[in-house]
Amino acid sequence: QVQLVESGGGLVQPGGSLRLSCAASGSIVSTYAMGWFRQAPGKEREFVAAITWSENSTYYADSVKGRFTISRDNAKNTVYLQMNSLKPADTAVYYCNVRVGLTTKYDYWGQGTQVTVSS
């Protein structure tokens, strides 16, 4: 019932920028937070950034703090990830995440978008 569509991935040079978008559609009753995870080849999926819907609180992984900025459009259930000063280590498939629920949380995932940082 819930669909997440990511866009904005691609190839960029080190030091460059990309902006990812994630639009959520379907019967989302209560959005607790939206965010981004990423997974590089041979590595586990790791947390990147998240933003809560009710409090507008943001959270970042140490590896991206100061370089990435997450923002939201509550009316459209859309989250953005502005990525600046990109490094080759940022190369990964980026997945959009929506966490719903109140006391009990449930996660929905997008299909992912490839980000490649290379010269």
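So, here's what we can say about the structure. (Residues numbered from 1 in each chain as written. Predicted model: local features only at pLDDT ≥ 70, side-chain atom pairs only at ≥ 80, totals over all residues. Heavy atoms only, no water.)

What follows deals with the packing of aromatic side chains. Remark: the centre distance and the inter-plane angle together describe each pair of aromatic rings, the angle taken between the planes. Under the counting rule described, the total for this entry stands at 3 aromatic pairs. Here Phe37 and Trp109 contribute two aromatic rings whose centre-to-centre distance is 4.9 Å and whose plane-to-plane angle is 70°, an arrangement assigned as edge-to-face. You can see Phe37 sitting in strand β4 (residues 31-39) and its partner Trp109 sitting in strand β10 (residues 106-109), a full 72 residues away along the chain. According to the relative accessible area criterion, Trp109 is partly exposed, its value standing at 35%. Note on Tyr106 and Tyr108: the rings are 5.0 Å apart at their centroids and 70° apart in plane angle, and the pair reads as edge-to-face. Three or more aromatic residues joined by ring pairs form one cluster here, namely Phe37, Phe47 and Trp109. (Phe/Tyr/Trp six-rings, centres within 6.5 Å; stacked < 30°, edge-to-face > 60°. Helix = DSSP H or I, 4+ residues; strand = E, 2+ residues; numbered from the N terminus. Buried < 20%, exposed > 50% of the residue type's maximum accessible area, 1.4 Å probe, protein only.)

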